[in-house]
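Notes for the structure review
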Amino acid sequence: MNGYGASAYQRVQTTLGPRELEAHLLLKAAAQLQSFKDNWSYEEEAVAEALTLNRKLWTILGTSATDESNPLPTQIKENVANLTVFVLKRTLEIMEDPSPEKLSALISINRSLAQGLRGQADEE
């Protein structure tokens, strides 16, 4: 991550709680993917960068949520693990055969999880 990105992440991290931060990052990734979907003019490097960011985010979320020390209920851990596997597979499919329609599932999943995280954050 470049210096600017790291410092921006630090600023956001200090003002948001963990769930709000996760929701914010998921929504940011979804917005980026939505923009590519809406204005499809396949630019391999830009789309690959957005997909890589989303993949990294999901790798972190999946690893964190399924860690033994995470207090989440087993059912939620399994659901997050399954979503992570789906997101990673879909990302590879899009990279191999790009099309805007394939982005819809990733966008929807990111937005839905972000909404759930925000709901949890409101309850805390």
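Higher on the page you've got the structure.
These numbers were taken from a predicted model, which means no experiment stands behind them.

A word on the environment of Val87. Assignment of secondary structure puts Val87 in helix α4 (residues 74-96). Discounting chain neighbours no more than four positions away, the residues touching Val87 are Asn54, Trp58, Leu106 and Ile109.

The next point concerns the nonpolar core. Of all hydrophobic cores here, the largest spans 20 residues; its most connected members are Leu26, Leu33, Leu51, Trp58, Leu103 and Leu106. Elements that contribute at least two residues to this core include exactly α2 (18-38), α3 (44-66), α4 and α5 (103-123). With residues up to four places along the chain from it excluded, the contact list for Leu26 reads Leu57, Trp58, Leu61, Asn110, Leu113, Ala114 and Leu117.

Let us look at the packing of α2 against α3. As a packed pair, α2 and α3 sit with axes 10 Å apart at the nearest point and diverge in direction by 155 degrees. Judged by the angle between their axes, α2 and α3 are roughly antiparallel. Our pair here, α2 against α3, has a crossing hand that is left-handed. In this structure, α2 contributes Glu22, Leu25, Leu26, Ala29, Gln32, Leu33 and Phe36 to the contact, and α3 contributes Ala46, Val47, Ala50, Leu51, Leu53, Asn54, Leu57, Trp58 and Leu61. By residue class, the composition of the contact of α2 with α3 is 13 nonpolar, two polar and one charged.

Right, let's talk about the packing of α3 against α4 for a bit. Between two packed helices, the angle of one axis relative to the other and the distance separating the axes together describe the packing. Remark: α3 packs on α4, axes separated minimally by 9 Å, with the N-to-C direction vectors making an angle of 160 degrees. Judged by the angle between their axes, α3 and α4 are roughly antiparallel. Classified by chirality, the crossing of α4 by α3 is left-handed. Here Ala48, Leu51, Thr52, Asn54, Arg55, Trp58, Thr59, Leu61, Gly62, Ala65 and Thr66 of α3 lie close against α4, whose contacting residues are Lys77, Val80, Ala81, Leu83, Thr84, Val87, Leu88, Thr91, Ile94 and Met95. Per-class residue counts for the contact of α3 with α4 are twelve nonpolar, seven polar and two charged.

Rules and cut-offs
- Residue numbers run consecutively from 1 along every chain, following the written order of its sequence.
- In keeping with the predicted nature of the model, local features appear solely for residues at pLDDT of at least 70, side-chain atom pairs appear and are counted solely at 80 or more, and the whole-chain, interface and lining totals rest on all residues.
- Side-chain measures were taken over the full set of non-hydrogen atoms in the model, leaving aside hydrogen atoms and water.
- Here a helix means four or more residues in a row that DSSP labels H or I, a strand means two or more in a row labelled E, and each is numbered from the N terminus.
- The contact criterion used is simple: two residues touch if any of their non-hydrogen atoms lie within 4.5 Å.
- Remark: nonpolar core denotes a set of buried residues (Ala, Val, Leu, Ile, Met, Phe, Trp, Tyr, Cys) joined through side-chain atoms within 4.5 Å.
- Each residue is placed in one exposure class: buried if its accessible area under a 1.4 Å probe, protein chains only, is under 20% of its type's maximum, exposed if it is over 50%, and partly exposed if it falls in between.
- Here an axis means a line fitted to C-alpha atoms, over the contact stretch when the element is a helix, while the angle between two N-to-C directions is reported on a 0 to 180 degree scale.
- Each angle gets one of four labels, with under 35 degrees taken as roughly parallel, over 145 as roughly antiparallel, 65 to 115 as roughly perpendicular, and the rest as oblique.
- Working rule for handedness: look at the near helix, and if it is turned counterclockwise from the far one by less than a right angle, call the crossing left-handed; if clockwise, right-handed.
- Each residue gets one label: Ala, Val, Leu, Ile, Met, Phe, Trp, Tyr, Cys and Pro are nonpolar, Asp, Glu, Lys and Arg are charged, and the others, such as Gly, are polar.

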